[in-house]
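Descriptive structure summary
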Amino acid sequence: MIERALPEPDILYRALVEKDAAYDGLFFAGITTTGIFCRPVCTARKPKRNHVVFYPSARDALLAGYRPCKVCRPTAPPDETPQAVRALLADLGADPTLRLKDADLRARGIEPAGLRRWFKKHHGMTFQGYQRALRLGVAFGQLKQGGSTTAAAFDTGWESLSGFGEAFKALTGAAPSRAAGALITVARIETPLGPMLAGAVEGGVCLLEFVDRRMIETQIMRLKKLFRAALVPGRNPHLDRLAGELNRYFEGTLREFTVPLDLRGTPFQTRVWEALRGIPYGATRSYGEQARRLGGASSVRAVARANGDNRIAVIVPCHRVVGADGALTGYGGGLWRKRWLLDHEKASLCAAKRR
Ligand SMILES: [Zn+2]
């Protein structure tokens, strides 16, 4: 078991008071006056600041003598995808053109209103919207391979060409007849540091960011423009491989990612990102060192800016760059995540040495 650093207590307390779902599973709050521990999202009344102790895992809270709260059930896995939803997603993955109506959902034992809420929370869209986006993704693929608009529309379950055209344009910004751009397939991947948004094109992974990252909307806009692409939820072999590798990285058993990347950027950005990939697992370098390695001519500030523009967190390890004095400097995903990643890598190196 690797020890985890937690964010500052003030950040944790604010997350607890605000029931911030982004922190669910990341910490647990022991309430000293009741002897009970909770998830941050618990709906029970929140304790005063001086009556809370924070733990990185439910196990730690249990070992400290706290009992699990009956309201938020902190010992159940966080935010787990319900079994029925998992089966639904698997069926849609196998056949994205399935069109499930409320009656079909009820026949599967799923309450449509609850499902809508789940999709809103986890995918930022309704279930109907998600199905529509999946079908548009398939149609897009057909069009790119030279299929006719009519075939693409009817094969993917649209009842009218005009309806298809409108939905297509809303998603991609272009009419089906001009589907020339690329498609970025996106999926959410759950990690111990919170959910990440991953995206991939044919050539490889082009996006990996923490969902609550400050700049994520801007990053997505830039990505769409740079790739002249539409974002569509779905599955892609690179994303499947990425999820597996990330999982092993967070377990501490994977040091080098081998999933293909599409590091598109200016020539300078690409060089900076390649240089980041050269920093070994568990090691850190300063911005100055990075600049020197890039041949002196590049300023520290330009290197730092290109680091900040990195779109593929964790794999292109911008978290391994620190200030000249070793201080942790900015990180898009939050400083506490940067510290967590560095501690995690050092701890798994030490654990490997001990074995
Ligand atoms: Zn609770």
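Anyway, here's the lowdown on the structure attached to this text.

Calculation criteria
Within any chain, residue numbers begin from 1 and follow the written order of that chain's sequence. Note on the predicted model: pLDDT of at least 70 is required for a residue's local features to be given, and 80 or more for side-chain atom pairs to be given and counted; whole-chain, interface and lining totals, by contrast, use all residues. Neither water nor hydrogens contribute to the side-chain values; these are computed over all heavy atoms in the structure. Runs of E in the DSSP output that reach at least two residues are strands. Runs of H or I that reach at least four are helices, and both are numbered from the N terminus. Atoms counted for the radius of gyration: C-alpha only. Globule rule: 2.2 Å times the number of residues to the power 0.38. Note on classification: 1.4 Å probe, protein chains only; a residue is buried when its accessible area is under 20% of the maximum for its type, exposed when over 50%, partly exposed between these limits. A contact between two residues is defined here by any heavy atoms of the two lying within 4.5 Å. All accessible areas in this document rest on Shrake-Rupley with a 1.4 Å probe, and a residue is counted as covered only by the protein chains that are shown. Charged-residue counts in this description rest on Lys and Arg as positive and Asp and Glu as negative, His and the chain ends being excluded. By convention, the point assigned to a charge is CZ for Arg, NZ for Lys, CD for Glu and CG for Asp. Whether two strands pair comes down to DSSP finding at least two bridges between them. Only the contacting stretch of a helix is used when fitting its axis, a line to C-alpha atoms as for every element, and angles between N-to-C directions run 0 to 180 degrees. Here the angle decides the label: under 35 degrees means roughly parallel, over 145 means roughly antiparallel, 65 to 115 means roughly perpendicular, and every other value means oblique. Charged means Asp, Glu, Lys or Arg here, nonpolar means Ala, Val, Leu, Ile, Met, Phe, Trp, Tyr, Cys or Pro, and polar covers whatever is left, Gly included. Donors, by definition, are the N, O and S atoms found within 2.8 Å of a metal, the threshold being 3.2 Å for Na, K and Ca, and water is not counted, so a site can look incomplete. In this scheme the shape depends on donor count and angles: four donors with every angle between 85 and 135 degrees give tetrahedral, four or six donors with opposite pairs above 155 degrees and others between 65 and 115 give square planar or octahedral in turn, and any other case is irregular. With a 1 Å grid spanning the protein atoms alone, the term cavity applies to any set of points in which a 1.4 Å probe fits but cannot get out, the term pocket to an open set with protein on both sides within 12 Å along at least five of seven lines, and the term lining residue to any residue with an atom within 4 Å of a point. Grid points are joined across faces, edges and corners, and a volume is the space filled by probe spheres set on the points. One side-chain nitrogen of Lys or Arg within 4 Å of one carboxyl oxygen of Asp or Glu is enough to make a salt bridge. With the far helix as reference, a near helix turned anticlockwise by less than a right angle produces a left-handed crossing, and one turned clockwise produces a right-handed crossing.

1. Let's talk about the overall build of the protein
A tally of helices and strands in the protein yields 14 helices and 10 strands. Against the compact-globule benchmark of 20 Å for 355 residues, the protein has a radius of gyration of 23 Å, which places it among compact chains. Counting across all 355 residues of the protein, residues that qualify as buried make up 45%. Nonlocal contacts in the protein, meaning residues at least 24 apart in sequence, comprise 60% of its contacts between residues at least 6 apart. Of the accessible surface of the protein, which amounts to about 18,000 Å², a share of 53% is contributed by carbon and sulfur atoms. Taking the average place of the 54 positive charges on the side chains of the protein and the average place of its 33 negative ones, the gap between the two points comes to 3 Å.

2. Description of the sheet that holds strand β6 (residues 196-201)
If you trace the 4 strands from one edge of the open sheet to the other, you get β7-β6-β5-β8, paired in mixed fashion. Of all the strands in the sheet, just β7 (204-210) and β8 (229-233) have a single pairing partner and so form its edges. Sheet twist, expressed as the average angle between the axes of neighbouring strands with direction ignored, equals 25 degrees. Two elements, strand β5 (residues 182-189) and β6, share 5 bridges in a ladder whose sense is antiparallel. By the bridge assignment, Thr 185 is partnered in β6 with Ala 200.

3. Description of the packing of helix α11 (residues 267-277) against helix α13 (residues 300-308)
It is the contact of α11 with α13, at a shortest axis distance of 9 Å, that shows an interaxial angle of 80 degrees. By the angle between their axes, α11 is roughly perpendicular relative to α13. Along the contact surface, α11 presents Phe 268, Gln 269, Val 272, Trp 273 and Leu 276, while α13 presents Ala 302, Val 303, Ala 306 and Asn 307. Here the contact of α11 with α13 is composed, by residue class, of 7 nonpolar, 2 polar and no charged.

4. Description of the coordination of the zinc ion
The protein atoms that coordinate the zinc ion are Cys 38 (SG), Cys 42 (SG), Cys 69 (SG) and Cys 72 (SG), at distances spanning 2.2 to 2.4 Å. Viewed at the metal, the 4 donor atoms of the zinc ion are separated by angles of 104 to 120 degrees, and the geometry they form is tetrahedral. Along the chain, the residues that donate to the zinc ion are spaced as C-x3-C-x26-C-x2-C. Looking at Cys 38, the relative accessible area reads 7%, which means it is buried.

5. Some points on empty space enclosed by the protein
On inspection of all chains with the given rule, the structure shows 2 cavities of 30 Å³ or more. Taken as a whole, the second largest cavity spans an internal volume of roughly 30 Å³. Asp 102, Leu 105, Pro 112, Leu 115, Arg 116, Phe 127 and Gln 128 are the residues that line the second largest cavity. Listed by contribution, the elements that provide at least two residues to the lining of the second largest cavity are α4 (102-107), α5 (112-123) and α6 (127-144). Here the residues of the lining of the second largest cavity sort into 4 nonpolar, 1 polar and 2 charged.

6. Digging into the pattern of salt bridges
One pass over the full model with this rule turns up 8 salt bridges. Note that Glu 8 is salt-bridged to Arg 339, the shortest N-O span being 3.6 Å. Taken together, the residues Glu 8 in the segment before α1 (9-17) and Arg 339 in helix α14 (residues 335-354) connect sequence positions 331 residues apart. Classification of Glu 8 as partly exposed rests on a relative accessible area of 43%. Across the pair Asp 10 and Arg 49 runs a salt bridge whose closest N-O atoms are separated by 3.9 Å. Linking Asp 10 in helix α1 with Arg 49 in the loop between β2 (36-38) and β3 (52-55), this pair joins segments that are 39 residues apart in sequence. Overall, Asp 10 belongs to the exposed group, its relative accessible area being 57%. Note on Arg 49: relative accessible area 34%, which makes it partly exposed.

7. Examining the packing of helix α3 (residues 83-94) against α6
One way to put it is that α3 packs onto α6 with a least axis distance of 11 Å and a crossing angle of 25 degrees. With respect to each other, α3 and α6 are oriented roughly parallel. When the axes of α3 and α6 are compared, the crossing they make is right-handed. Contacts between α3 and α6 involve Leu 88, Leu 89 and Leu 92 from the first element and Phe 127, Tyr 130, Gln 131 and Leu 134 from the second.

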